[in-house]
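Structural description and commentary
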Amino acid sequence: LIYLFNFKITLGKNGVPVAENFRLEQSTIADTVQAGQVRVKTLYLSVDPYMRCRMNEDTGSDYLRPWQLAEVADGGGIGVVEESKHDNLAKGDFVTSFTWPWQTVAILDGSLLQKLVPQLVNGRLSYFLGAAGITGLTALLGIREKGHVAAGANQTMVVSGAAGACGSLAGQIGRLEGCSRVVGIAGTDEKCSILVQEMGFDAAINYKKGDVAKQLRELCPGGVDVYFDNVGGDISDTVISQMNQNSHIILCGQISQYNKDVPYPPPLPPDIEKIQKERNITRERFLVLNYMDKQEASVLQLCQWIQEGKLKVRETVVEGLANIGAAFQSMMSGGNIGKQIVSVSK
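Figured I'd write up the structure that's included with this text. All residue numbers refer to positions counted from 1 along the written sequence of the respective chain. In keeping with the predicted nature of the model, local features appear solely for residues at pLDDT of at least 70, side-chain atom pairs appear and are counted solely at 80 or more, and the whole-chain, interface and lining totals rest on all residues. Hydrogens and waters are ignored; side-chain quantities use all the structure's heavy atoms.

Quick word on the pairing of strand β8 (residues 156-160)
The cut-offs for exposure are 20% and 50% of the maximum accessible area for each residue type, with area from a 1.4 Å probe on protein chains only; residues under the lower value are buried, those over the upper are exposed, and the others partly exposed. Each helix corresponds to a stretch of at least 4 residues labelled H or I by DSSP, and each strand to a stretch of at least 2 residues labelled E; elements are numbered beginning at the N terminus. The element β8 is largely enclosed, with a buried count of five among its five residues. Neither face of β8 is left uncovered, since the one carrying Thr 156, Val 158 and Ser 160 and the one carrying Met 157 and Val 159 both have all their residues buried. Note: two strands are recorded as paired if DSSP finds a minimum of 2 bridges between them. Two elements, β8 and strand β9 (residues 181-186), share five bridges in a ladder whose sense is parallel. Bridge assignment links Thr 156 to a residue of β9, and that residue is Arg 181. By the criterion used throughout, a crossover qualifies as right-handed when its path from the first strand across the helix to the second strand runs clockwise, the strands pointing away from the viewer. The parallel pair β8 and β9, bridged by helix α2 (residues 165-177), forms a crossover whose chirality is right-handed. Relative to strand β11 (residues 224-229), β8 runs parallel, the two being bridged by three bridges. Across the sheet, residue Met 157 finds its bridge partner in β11, namely Val 226.

What follows is the structure, given as structure tokens:
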């Protein structure tokens, strides 16, 4: 018998998630790996804003399965194969899955795993959960599919939640794709400093200080052409009010609304909706899973930028599976800079 630690969840329909929603249990798994299966040791787990939706019985999304009471939670994960009875996977291979169980050890269906090439990310395996994974794909494909960025068009992009996992990449990618000016919105002076000094944003606004609308007008004198929206709520209303005719909103996330019982995407206030319609601003739901036919080429592009130093990556790493609940809670309240990662095993 193999002893493991796993996380199980207790949840309520609404409210702010807290570490006490999760509990750590010691369990056993079978000592026999069946044909087609592999036994893996978990190395890294990802906690992400979308997981808050999975804490409701109705996630609001047909592609998200709600976490079940007293069952092991899951999400993006990376591990190393310890034993394999799958033809395409061998001991020592590094693998990943979007539905990795929050366990130290697991027996998984090998056909549901993707083999990783560490050299693509200079050996930083955890990047496959962020900049070279779904997060990076969301930023890149969101900009390419919904942003209508054109090199030489003198476009200004604004990114909310700009110091988070996706936002910190989106601003950089917006510049790489051709935006002439990129402005981020974040919640601390430290985050704003990192965006400008490390990640190449032209400017950043601490929304907790001063008049955001006034600062936006000063920093985006020609208006906003592309808005990468991670937060929704008042911040987004302020940005939309300064968007140009025929501009575009990339509707990536609405983290300010996830703890509320509202539909997704949340409706805009009447006055903001009027602006959106009068200025012909596109605001369409974006789901990266609808563009997975472009996954391989897009991941290679992200990895190339990482290798060339053109895409700077930040991670906030918490050690130990026992701390994953606290890491999730911290991420939901903006405690992370870049991708929130839980390091489970070395």
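Comments concerning the side chain of Ser 168
Within the element layout of this structure, Ser 168 appears in helix α2. What qualifies as a polar contact is a pair of N or O atoms within 3.5 Å, subject to a donor-acceptor requirement within protein and to the restriction that residues adjacent in sequence count only when both atoms come from side chains. At 3.4 Å, the side chain of Ser 168 and the backbone oxygen of Ala 165 are in polar contact. Any two residues having at least one pair of non-hydrogen atoms within 4.5 Å are treated as being in contact. If near-sequence neighbours (up to four positions away) are discounted, Ser 168 is found in contact with Ala 162, Ala 163, Met 199, Phe 201 and Gly 338.

Digging into the sheet that holds strand β13 (residues 282-285)
Pairing is parallel in the open sheet, where six strands are placed in the order β10-β9-β8-β11-β12-β13. Each edge of the open sheet is held by one strand with a lone partner, namely β10 (203-206) and β13. On average, adjacent strands in this sheet sit at an angle of 20° to one another, irrespective of strand direction. Helix-sheet contacts for helix α4 (residues 212-219) involve β8, β9 and β10, and the interaxial angle to β10 is about 170°. Under this scheme, a helix contributes an axis fitted over its contacting stretch, all axes are lines through C-alpha atoms, and angles between N-to-C directions fall in the 0 to 180 degree range. Sheet strands in contact with helix α5 (residues 233-240) are β8, β9, β11 and β12 (243-251), and its direction is about 165° off that of β11.

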